[in-house]
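# Coordinate inspection notes
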Amino acid sequence: QVQLLESGGGLVQAGGSLRLSCAASGRTSRSYGWFRQAPGKEREFVAAITWGGANILHAESVKGRFTISRDNAKNTVYLQMNSLKPEDTAVYYCAGSRLGLVNIDRERYDYWGQGTQVTVSS
């Protein structure tokens, strides 16, 4: 019943910006997260937010550059990505959790989108 669809990825120059969107359909989750995965590497936590927006968490590697937010009326979660670096290159995934807590552990999430590619060139 729950479906997540990411969009907004692309190819950008280092220092540029992208805004990723995660559209949720069906029953909304109590919290959402963004993860990323580069080839040959484990899926890595990026940011998380409770649906009400009371709790937000960003990974240290993106703190000050990325911002997670949500629009409840549109059932959409966003990831604003500024000052992009080549090491940010990865497939970015949106995830939903039935738990109303922000968490860095991918095992705490129940639903996943298909992913959107972000490539940052030097």
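So, here's what we can say about the structure. (Residues numbered from 1 in each chain as written. Predicted model: local features only at pLDDT ≥ 70, side-chain atom pairs only at ≥ 80, totals over all residues. Heavy atoms only, no water.)

What follows covers the state of the cysteines. One pass over the full model with this rule turns up one disulfide. Here Cys22 is linked by a disulfide to Cys94, with a sulfur-sulfur distance of 2.0 Å. One quick way to see it: the torsion about the S-S bond of Cys22 and Cys94 is about -75°, and its sign makes the bridge left-handed. Of this pair, Cys22 sits in strand β3 (residues 18-25) while Cys94 sits in strand β9 (residues 90-97); the two residues are 72 residues apart in sequence, bridging distant segments of the chain. Owing to a relative accessible area of 0%, Cys22 belongs among the buried residues under this scheme. On the accessibility criterion, Cys94 (0% relative accessible area) is buried. (Disulfide = S-S within 2.5 Å. Helix = DSSP H or I, 4+ residues; strand = E, 2+ residues; numbered from the N terminus. Buried < 20%, exposed > 50% of the residue type's maximum accessible area, 1.4 Å probe, protein only.)

Turning to the nonpolar core, a few remarks are in order. The biggest cluster of nonpolar side chains holds 31 residues, and the ones touching the most others in it are Trp34, Leu79 and Tyr92. Elements represented by at least two residues in this core include exactly β3, β4 (31-37), β5 (44-50), β7 (66-71), β8 (76-81), β9 and β11 (116-121). If one sorts the elements of this core by residue count, β5 sits on top with five residues. (Core = buried A, V, L, I, M, F, W, Y, C linked by side-chain atoms within 4.5 Å.)

A few words on unusual backbone geometry. A positive phi angle, close to 50°, is found at Asn75, a residue other than glycine. Checked against the element boundaries, Asn75 lands in the loop between β7 and β8. Classification of Asn75 as partly exposed rests on a relative accessible area of 29%. Phi at Ser83 is positive, roughly 50°, even though this residue is not glycine. If you trace the backbone, Ser83 turns up in the loop between β8 and β9. Take Ser83: its relative accessible area is 40%, and that puts it in the partly exposed class.

Turning our attention to the pairing of β4. Within a regular strand, side chains alternate between the sheet's two faces. The element β4 is extensively covered by neighbouring structure, given that six of its seven residues are classed as buried. Where β4 folds back on β5, the antiparallel hairpin that results is connected by six residues, among which Gly40 adopts a positive phi of roughly 80°. With seven bridges connecting them, β4 and β9 associate as antiparallel partners. Looking at the pairing, Tyr32 lines up with Gly96 of β9. (Pairing = 2+ DSSP bridges.)

Further remarks concern the packing of aromatic side chains. Considering all chains together, one arrives at five aromatic pairs under this definition. Measuring from ring centre to ring centre gives 5.1 Å for Tyr32 and Trp51, while their planes differ by 55°; the resulting arrangement is tilted. Of this pair, Tyr32 sits in strand β4 while Trp51 sits in the loop between β5 and β6 (56-58), and the two are 19 residues apart along the sequence. Each member of the pair, Tyr32 together with Trp51, is buried. Their ring planes at 80° and their centres at 5.2 Å tell us that Phe35 and Tyr109 sit as a pair that is edge-to-face. In this pair, Phe35 sits in strand β4 while Tyr109 sits in the loop between β9 and β10 (111-112), placing the two residues 74 residues apart along the sequence. Here Phe35 and Tyr109 have matching classes, each one buried. Over the ring of Tyr78 we find Arg19; its NZ or CZ atom is 3.9 Å from the centre of that ring. Sitting above the plane of the Trp112 ring, Arg43 keeps its charged end 4.3 Å from the centroid. (Phe/Tyr/Trp six-rings, centres within 6.5 Å; stacked < 30°, edge-to-face > 60°. Lys NZ or Arg CZ within 6 Å of the ring centre and 35° of its normal.)

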